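Structural characterization, general
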Amino acid sequence: MARRALTLPALRRLSGSPAGAAAGAALLLPPFQPARAVTYMPRPGDGAPRAVTLIPGDGIGPLVTSAVEQVMSAMHAPVYFEAYEVHGDMKRVPEEVIESVRKNKVCLKGGLRTPVGGGVSSLNVQLRKELDLYASLVNCFNLPGLPTRHEGVDIVVIRENTEGEYSGLEHEVVPGVVESLKFCSERIAKYAFEYAYLNNRKKVTAVHKANIMKLADGLFLESCREVATKYPSIKYNEIIVDNCCMQLVSKPEQFDVMVTPNLYGNLVANTAAGIAGGTGVMPGGNVGADTAVFEQGASAGNVGNEKIVEQKKTNPVALLLSSAMMLRHLQFPSFADRLETAVKRVISEGKVRTKDLGGDSTTQEVVDAVIAKLD
């Protein structure tokens, strides 16, 4: 039976008793609006525009970095970009780019194409090593309005970025025999627990293969266990990487923060991103002691295919959300909130979406929609 609307006389009759008065008042009053959070108190001069090194990169990179520039301009965000041309077929990252990132301490980056085989070094890896960006962070979470197989997914994958299999310590011993060395240190474990503590996360899961690589991954686990003792409020557990992948696709909501060696983290982050909505919407960044580089979180398809580039229909959401992370890193929280809220409103409405999210919108149409939703 349909619910009957209360008329004004009925409300007056109800108000004859204290309970009725309270019920009537609740019906007549506007919905509760939460007060603004306790103010962010900047230091004098903190509002000065900050320089950010910009690397548009290859493939979809120039499209999505242009999207960020447009949204930052529309918000009048206190950042400006110093752009440099870097491409994956270069032999190395130009020194002036490295110096720019060291000077500015922050970089926004599109994908750089990595040649497969042939002994050519990845410029993505070069950049991380040059700047000692040892921690990679990918945040994989459900976006309201974007249907996925699993709900309640909010996983942060923290991956060692410069050691492990990506350390590049390999050589040919004799023709046909190649030796590769793997090593790890405890700083990634320290960063993972510090991140969990500062972001009110409840659990850290170490992903490993110590049942086979007993010394290398065994050392990784020893480091995680030792650091865990210093954070008694955070639950700690361990999982073998193959079981981890199975658990991710069957029950991903059980995971909170995951800390991994290099190679496993790449696989786990891309799997988690696919579960939560796709690589096109997951933000991420790389951080070291002095510098941070923000880019699309999950690496799969980070330069896109030629058809998407030609049609200009690539998804800019991942890099827009990564730039919100960058704004928080720069201590501009209100700008970060505005950007993130606008992106989530566009996704929630579902009217403007690129092909990977089930729509047919262009990159520019998504940008225009986000700008229209800025408070």
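About the thresholds
Residues numbered from 1 in each chain as written. Predicted model: local features only at pLDDT ≥ 70, side-chain atom pairs only at ≥ 80, totals over all residues. Heavy atoms only, no water. Core = buried A, V, L, I, M, F, W, Y, C linked by side-chain atoms within 4.5 Å. Buried < 20%, exposed > 50% of the residue type's maximum accessible area, 1.4 Å probe, protein only. Contact = heavy atoms within 4.5 Å. Axes fitted to C-alpha atoms, helices over the stretch in contact; angles between N-to-C directions. Helix = DSSP H or I, 4+ residues; strand = E, 2+ residues; numbered from the N terminus. Parallel < 35°, antiparallel > 145°, perpendicular 65-115°, else oblique. Left-handed = near helix turned anticlockwise from the far one by under 90°. Nonpolar A, V, L, I, M, F, W, Y, C, P; charged D, E, K, R; others polar. Pairing = 2+ DSSP bridges. Salt bridge = Lys/Arg side-chain N within 4 Å of Asp/Glu carboxyl O. Patch = residues over 30% accessible without salt bridge, like charges linked within 9 Å, V, L, I, M, F, W, Y side chains within 5 Å. Areas by Shrake-Rupley, 256 points an atom, 1.4 Å probe, with all protein chains shown as cover.

**Description of the nonpolar core**
With 86 residues, the main nonpolar core has Met72, Ile158, Leu327, Leu339 and Val370 as its most contacted residues. Residues contacting leucine 327, with those up to four places away along its chain left out, are Met72, Met75, Val79, Phe332, Phe335, Ala336 and Leu339. Counting residues in hydrophobic clusters, the runner-up holds 13 residues, among them Ile55, Leu123, Leu127 and Leu131.

**Concerning the packing of helix α6 (residues 187-198) against helix α7 (residues 216-228)**
Contact geometry of α6 with α7 gives a least axis separation of 8 Å together with a crossing angle of 40°. It follows that α6 is oblique to α7 by the angle criterion. For the pair α6 and α7, the crossing hand works out as right-handed. Residues Ile188, Ala189, Lys190 and Phe193 of α6 form the contact with α7, whose own contacting residues are Phe220, Ser223, Cys224, Val227 and Ala228. When grouped by side-chain class, the residues that make up the contact of α6 with α7 number 7 nonpolar, 1 polar and 1 charged.

**Here we look at the sheet that holds strand β4 (residues 135-141)**
In spatial order, the strands read β2-β1-β3-β12-β11-β4-β5-β10-β8-β9; together these 10 strands make up an open sheet with mixed pairing. Two strands lie at the open edges of the sheet, namely β2 (79-83) and β9 (235-240), each paired on one side alone. Here the average twist between neighbouring strands, direction ignored, is 25°. In this sheet, strand β5 (residues 154-160) lies alongside β4 in antiparallel orientation, the contact comprising 7 bridges. Bridged to valine 138 within β5 is valine 157. Running at roughly 150° to β2, helix α3 (residues 61-75) makes contact with β1 (50-55), β2 and β3 (106-109) of the sheet. Contacts between α7 and the sheet are confined to β8 (203-208), β9 and β10 (257-260), with β8 contributing the most and set at about 170° to the helix.

**Some remarks on the pattern of salt bridges**
Applying the stated criterion across every chain, the model contains 20 salt bridges. A salt bridge links arginine 43 to aspartate 46, with the nearest nitrogen and oxygen atoms 3.3 Å apart. You can call arginine 43 exposed: its relative accessible area is 56%. Residue glutamate 130 is joined to arginine 92 by a salt bridge in which the shortest nitrogen-to-oxygen separation is 2.7 Å. Here glutamate 130, found in helix α5 (residues 123-131), pairs with arginine 92, found in the loop between β2 and α4 (95-104); they are 38 residues apart in sequence, far enough to count as distant. Counted as one network, the salt bridges with shared partners bring together Arg92, Glu99, Arg102 and Glu130.

**Notes on a nonpolar patch on the surface**
Taken together, the side chains of Val173, Val174 and Val177 define a hydrophobic patch exposed on the protein surface, amounting to about 230 Å² of accessible area. Here valine 177 is to be found in strand β7 (residues 177-180). Take valine 177: its relative accessible area is 41%, and that puts it in the partly exposed class.

Read these as layout, nothing more, since geometry by itself doesn't imply function.
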